[in-house]
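# Overview (structure and organization)
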Amino acid sequence: MRGKPRASSPRSPEKSRVDRSLRSALVSSHRRSARGCFGLGPGPWFIVTTPPPPARLRERLEVKMAGLSQMQAKLAAYKSDTNEAISLKLVRNLEDLEDDETTFKPEYSHQVFDDNETVFGYQGLQIQLYYSACRLTTLLNIKYTSRVDEAFHGLEADDIDAKLRKYVPPGCCSNVDDFVSLLEKDASFKPFGELLHTYTVPSQETGGDITYQIYKADMTNSGFKEFHSRLQTFLIWFIETASFIDVDDERWNYFLLYEKYMQDGSPRYAVAGYMTVYSYYAYPDKTRPRISQMLVLPPYQGESHGARLLEAVHRFYIAEPNVLDITAEDPSENFSRLRDFVDTKLCMALPAFSPDKLLLGFTRTMATEAQLRLKVNKRQARRVYEILRLKATDGSNQKQFELYCQDVKQRLNLPFKKNNRELEKMRRFLNSEELTAQLQQLDPVRQEQWLEEQLQETLAQYRRVLERIAQA
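## Brief notes about the sheet that holds strand β8 (residues 126-132)
Reading across from one edge, β5-β4-β8-β9 is the order of the four strands in this open sheet, with mixed pairing throughout. The strands lining the two open edges of the sheet, one partner per strand, are β5 (103-104) and β9 (138-143). The pairing of β8 with β9 spans six bridges and is classified as antiparallel. From the neighbouring strand, L129 faces β9, where its bridge partner is L140. Where helix α7 (residues 176-183) meets the sheet, its contacts fall on β4 (86-91), β8 and β9, and the angle it forms with β8 comes to roughly 15°.

Structure below.
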């Protein structure tokens, strides 16, 4: 039977101050029974421990930090840069497997691995991703000297194979012997689709000519779908925002660049690059091809193959009467420069772009002729006009050059004019603070500084295009 609660006697002020002091100094509060601990009467009682001196705390902290630094250093040794760890090859023969000169590295790997393009858990990591030069038979081989879970219990290494299998097509080889046995099948490989263009490039090694051919293919070509699944894996390593396309959509066209060479007495065709183009509808009865992705593989870069491929694609669509004009999807700076070169070279032969007409300004005739005869859209035709007018402008004639600069600035200034018109409409809805912020952005002095910077940058781009045309 529970007894009555004991009546508590009031505490003296001195006693209360002592209790409060004890509680404020408390570091460790373990309840103890007096009988089981110190032989004191019924509790609860609290044990007050004295904190260690500051010097001892610093020593402990330094020891812990030193241990942490050592652990971090050990773990850092198991972190690998995937752009360095990955080795790509286009293999023609057995000797290429051991030839470091045939190896090339990716520019990007963030789509497969993390945004930092690193992988954790391995020392001495090597990721070999080899392709036969013609059929693109694939070898995926992952090697390393040690793995983190063998040295540190409780830590797991990243699953590299699982990450790569999302992008590497099924059926790829996992050991060199299987890959070598399939390498012989390259001898029977023939390009897919229709031959569009053949050209030659002088060889610096042999002194002879190297032959290249450009083909147009689609998914109706037998075996091309499987071939394309291997080819498109190069995109993720060399195009920052690359994505795989829906190959079941019949509106995709594929243009492939091959090097034609002789081996063991028979012709072979090594893949050098490719481009994908999607045909959009254009009212009322036309199509508008849009270039989606274009890649020249690293062993073939710097030899003008991109310009040859783009020009061949242009000429293919020029011959198509139902095509309105050609556009590009989110072009990179490199592609824009390439496009400027090809379109300018093509438009130079048009009567509307003769030097005497260029000095009179951009006309509707120029836009129409570029579109009808070369499938160059109006915006790109304007850019070509500015490039060719710079070529026709006498740099020593100050007035002529100033007129040219004013013409380019007028185009560059169009976004500001649009903003001014929109601001007039918005005055009725903006409060004073919002209006002030908008007006600061449209400050005339800032606009003029920006226009001058853009003008100089544009002129530098145009001069590079003209220099390349002069060397072509």
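## Focus on unusual backbone geometry
Here the amide bond leading from Y283 into P284 is cis, since omega sits at 0°, within 30 degrees of zero. Structurally, the position occupied by P284 is in the loop between β14 (266-282) and β15 (286-296). Positive phi values are uncommon outside glycine, yet D264 reaches one of about 55°. Mapped onto the elements, D264 comes out in the loop between β13 (252-263) and β14. Its relative accessible area of 70% is what places D264 among the exposed residues.

## Focus on the sheet that holds β13
Across the sheet, six strands lie side by side as β11-β12-β13-β14-β15-β16; this open sheet has mixed pairing. Each edge of the open sheet carries a strand with a single partner, namely β11 (194-202) and β16 (327-328). Where helix α8 (residues 224-231) meets the sheet, it contacts β12 (209-217), β13 and β14, and its direction lies at approximately 85° from that of β13.

## Digging into the packing of aromatic side chains
The geometry of an aromatic ring pair is captured by two quantities: the separation of the ring centres and the angle between the planes. Under the definition given, this model contains 21 aromatic pairs. A centroid spacing of 5.9 Å and a plane angle of 65° characterise the contact between F255 and Y317, whose relative ring orientation is edge-to-face. Taken as a pair, F255 in strand β13 and Y317 in helix α10 (residues 305-318) lie far apart in primary sequence, 62 residues in all. Considered together, F255 and Y317 belong to a single accessibility category, that of buried residues. Each ring, one from F362 and one from Y385, has its centre 5.4 Å from the other, and the planes form 50°; the classification is tilted.

## Concerning the pairing of β15
Here 10 bridges tie β14 to β15, and the two strands are oriented antiparallel to one another. If you follow T276 over to β15, its bridge partner there is Q293. Summarising the sheet, β15 and β16 pair through two bridges and their orientation is parallel. The partner of I291 across the bridge, within β16, is A328. In this view, the connection linking β15 to its parallel neighbour β16 by way of α10 has right-handed handedness.

## Things to note about the side chain of S292
Within the secondary structure, S292 sits in strand β15. Setting aside its immediate chain neighbours within four residues, S292 contacts W252, T276, V277 and E329.

## Looking at the pairing of β14
With 13 of 17 residues buried, β14 lies mostly within the body of the structure. Both β13 and β14 contribute to a ladder of 12 bridges, which runs antiparallel. Across the sheet, the residue bridging to Y254 is T276, located in β14. Where β13 folds back onto β14 in an antiparallel hairpin, the turn is made up of two residues, including D264, whose phi is positive at roughly 55°. With antiparallel pairing between neighbouring strands as the criterion, β14 and β15 make up a hairpin whose turn holds three residues.

## Quick look at the environment of Y462
Take Y462: it is sitting in helix α18 (residues 444-471). Here the alpha-carbon distance between Y462 and R383, two residues 79 residues apart in the chain, equals 9.2 Å. The residues contacting Y462, other than those within four sequence positions of it, are R383, E386, I387, L390, Y404 and R411.

## Digging into the environment of Q410
For Q410, the location among the structural elements is in helix α15 (residues 398-412). For Q410, a relative accessible area of 51% puts it in the exposed group. For Q410 and L451, which are 41 residues apart along the polypeptide, the C-alpha to C-alpha distance reads 9.3 Å.

## Looking at the pattern of salt bridges
For the structure on display, the rule yields 18 salt bridges. With a shortest N-O distance of 3.4 Å, R251 and D249 are connected by a salt bridge. Exposure remark for R251: the relative accessible area of 47% places this residue in the partly exposed category. Between E369 and R373 there is a salt bridge, and its shortest N-O distance comes to 3.3 Å. In this pair, E369 and R373 both sit in helix α13 (residues 364-374), four residues apart, roughly one turn of the helix. With relative accessibility at 15%, the residue E369 sits in the buried group. Judged by relative accessible area, R373 falls into the partly exposed class, the value being 47%. Where salt bridges share partners, they join R382, E386, R389, D407 and R411 into one cluster.

## Observations concerning the state of the cysteines
Working definition: the covalent bond between the sulfur atoms of two cysteines is a disulfide. Inspection of every chain in the model, using the stated rule, returns zero disulfides. You can see C173 has no disulfide; the closest cysteine sulfur is in C172, sitting 7.0 Å from it. Its relative accessible area of 6% is what places C173 among the buried residues.

## Quick word on the environment of P106
For P106, the location among the structural elements is in the loop between β5 and β6 (118-120). Along the sequence, P106 and L235 sit 129 residues apart, while their C-alpha atoms lie 9.8 Å from each other.

## Quick look at α18
Its 28 residues place the ends of α18 41 Å apart at the C-alpha level, agreeing with the 40 Å of an ideal helix rising 1.5 Å per residue. Listed in full, the buried residues belonging to α18 are Q447, L451, L455, T458, L459, Y462, V465, L466 and I469.

Cut-offs used in this document
Residues numbered from 1 in each chain as written. Predicted model: local features only at pLDDT ≥ 70, side-chain atom pairs only at ≥ 80, totals over all residues. Heavy atoms only, no water. Pairing = 2+ DSSP bridges. Helix = DSSP H or I, 4+ residues; strand = E, 2+ residues; numbered from the N terminus. Contact = heavy atoms within 4.5 Å. Axes fitted to C-alpha atoms, helices over the stretch in contact; angles between N-to-C directions. Buried < 20%, exposed > 50% of the residue type's maximum accessible area, 1.4 Å probe, protein only. Phe/Tyr/Trp six-rings, centres within 6.5 Å; stacked < 30°, edge-to-face > 60°. Right-handed = clockwise from strand over helix to strand, strands pointing away. Salt bridge = Lys/Arg side-chain N within 4 Å of Asp/Glu carboxyl O. Disulfide = S-S within 2.5 Å. Expected span 1.5 Å × (residues − 1).

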